[in-house]
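Residue-level structural notes
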Amino acid sequence: KSEKMYIPNHGNHLRISPVQEIDPAQLGIERGKLDIFWVSPSCINFSKAKEKGKETGFDISAVAAVVRHIEYLRPKSVVVENVDDYEGSVSYNLIFNGLRKLGYHVKKYNLNSADYGTPQTRKRLYIVAVRSDVGRVPAIPPTHAEFPQPTLFGEALKPWVGWLEAVVDLIPDRPC
């Protein structure tokens, strides 16, 4: 379990339970002071890795609890990460519209990790929100491209990083 790695490195302050069972007032976080609230709702019913399932009541109640946590904690920014097919679900609409109603500037991005220098293509949906008194949602321009082209303004993007390029220094005596 991930807590076996986390606790020795960061301390024993984890709450491991469904979000619906956590009272944000008991977390010891001062309202409005949290910089980033990161949410990765379950993607099991939306993943292309398995046959697409149906969104459950548990999925929806978890996101409703997340919106209540955001309302209570008032973080400066919120990031929601999930698979592309999450868009259009009841859960997606609940959190996207919930953030707007709470006074956040909200944008949706469909990003590929390879476009940011990661040695794998992994497409994900991100909802990025910034509390309106803090600022606006920033642009997230790519730094890499599969087939970089020269540009009129600024430098061309870097090429995607392949897996071998990423691990070559870990392979001693690699044959050419």
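Computed from a predicted structure; not experimentally measured.

Calculation rules
The numbers attached to residues start from 1 for each chain and follow its sequence in the written order. Per-residue local features of the predicted model are confined to residues with pLDDT of at least 70, and side-chain atom pairs are confined, for both listing and counting, to 80 or more; whole-chain, interface and lining totals are unaffected and use all residues. Side-chain measures here rest on the full set of heavy atoms in the structure, leaving out hydrogens and waters. Secondary structure elements follow DSSP: runs of H or I no shorter than four residues count as helices, runs of E no shorter than two count as strands, and numbering proceeds from the N terminus. Note on exposure labels: buried denotes an accessible area under 20% of the residue type's maximum, exposed denotes more than 50%, and partly exposed covers the range between, all computed with a 1.4 Å probe on protein chains only. Here the accessible surface of atoms and residues is derived via Shrake-Rupley with a 1.4 Å probe, and residues count as covered only by protein chains that are part of the display. The charge count includes Lys and Arg as positive and Asp and Glu as negative, but it does not include His or the ends of the chains. Charge positions are represented by NZ for Lys, CZ for Arg, CG for Asp and CD for Glu. Here, axes are lines fitted to C-alpha atoms. For helices the fit covers the stretch in contact, and angles between N-to-C directions go from 0 to 180 degrees. These descriptions rest on fixed angle ranges, namely under 35 degrees for roughly parallel, over 145 for roughly antiparallel, 65 to 115 for roughly perpendicular, and the rest for oblique. The contact definition used throughout considers only heavy atoms, calling two residues in contact when any of these lie within 4.5 Å. Under the convention adopted here, Pro, Cys and the residues Ala, Val, Leu, Ile, Met, Phe, Trp and Tyr are nonpolar, Asp, Glu, Lys and Arg are charged, and Gly plus all remaining residues are polar. Patch membership is restricted to residues that have no salt bridge and whose relative accessible area is over 30%. Joining uses 9 Å for like charges and 5 Å for the nonpolar side chains Val, Leu, Ile, Met, Phe, Trp and Tyr. A side-chain nitrogen of Lys or Arg and a carboxyl oxygen of Asp or Glu constitute a salt bridge if their distance falls within 4 Å. Pairing between two strands is assigned when DSSP locates at least 2 bridges connecting them. The quantity called pLDDT is the predictor's confidence in a given residue, expressed from 0 to 100.

1. What about the overall build of the protein?
Secondary structure assignment for the protein yields 4 helices and 6 strands. Across its three principal axes, the protein shows a C-alpha extent of roughly 55 × 45 × 35 Å. By the burial criterion, 30% of the 176 residues in the protein qualify as buried. When the accessible area of the protein is evaluated, it comes to approximately 11800 Å², of which 56% is carbon and sulfur surface. A distance of 5 Å separates the average location of the 23 positive side-chain charges in the protein from that of its 20 negative side-chain charges.

2. Some details on the packing of helix H2 (residues 57–73) against helix H3 (residues 90–101)
Look at H2 against H3: their axes get within 9 Å of each other, and the N-to-C directions meet at 10°. One element, H2, and the other, H3, form an angle in the roughly parallel class. Taking contact as the criterion, the partners of Asp59, Ile60, Val63, Ala64, Val66, Val67 and Ile70 in H2 are, on H3, Val90, Ser91, Leu94, Ile95, Gly98 and Leu99. Residues of the contact of H2 with H3, tallied by class, amount to 10 nonpolar, 2 polar and 1 charged.

3. Quick notes on a nonpolar patch on the surface
On the surface, a nonpolar cluster with roughly 490 Å² of combined accessible area is contributed by Trp163, Leu164, Val168, Leu170 and Ile171. Structurally, the position occupied by Ile171 is in the segment after helix H4 (163–167). Overall, Ile171 belongs to the partly exposed group, its relative accessible area being 33%.

4. Re unusual backbone geometry
Note: most peptide bonds trans; most residues except glycine with negative phi. Despite not being glycine, Arg74 has its phi angle at roughly 50°, a positive value. Summarising the element assignment, Arg74 is placed in the loop between H2 and strand E2 (77–82).

5. Here we look at the sheet that holds E2
Pairing is mixed in the open sheet, where 4 strands are placed in the order E1-E2-E4-E3. The sheet is open, and its two borders are formed by strand E1 (36–39) and strand E3 (104–112), each paired with just one other strand. On average, each strand axis in the sheet is inclined to that of its neighbour by 15°, with strand direction left out of account. Across 4 bridges, the pairing between E1 and E2 is parallel. From the neighbouring strand, Phe37 faces E2, where its bridge partner is Val78. Running at roughly 180° to E1, H2 makes contact with E1, E2 and E3 of the sheet. Where H3 meets the sheet, its contacts fall on E2, E3 and strand E4 (123–131), and the angle it forms with E3 comes to roughly 140°.

6. Remarks on the confidence of the model for the protein
The pLDDT averaged across the protein works out to 90; a share of 95% of its residues lies at or above 70. When pLDDT is averaged over each element of the protein, E3 comes out on top at 98 and helix H1 (residues 3–10) at the bottom at 85.

7. Re the pattern of salt bridges
Here the structure, examined in full by the defined rule, presents 4 salt bridges. Residues Arg124 and Glu81 are paired through a salt bridge, measuring 3.1 Å at the closest nitrogen-oxygen approach. In this pair, Arg124 sits in strand E4 while Glu81 sits in strand E2, placing the two residues 43 residues apart along the sequence. The same class applies to Arg124 and to Glu81, which are both buried. Residue Arg131 is joined to Asp133 by a salt bridge in which the shortest nitrogen-to-oxygen separation is 2.7 Å.

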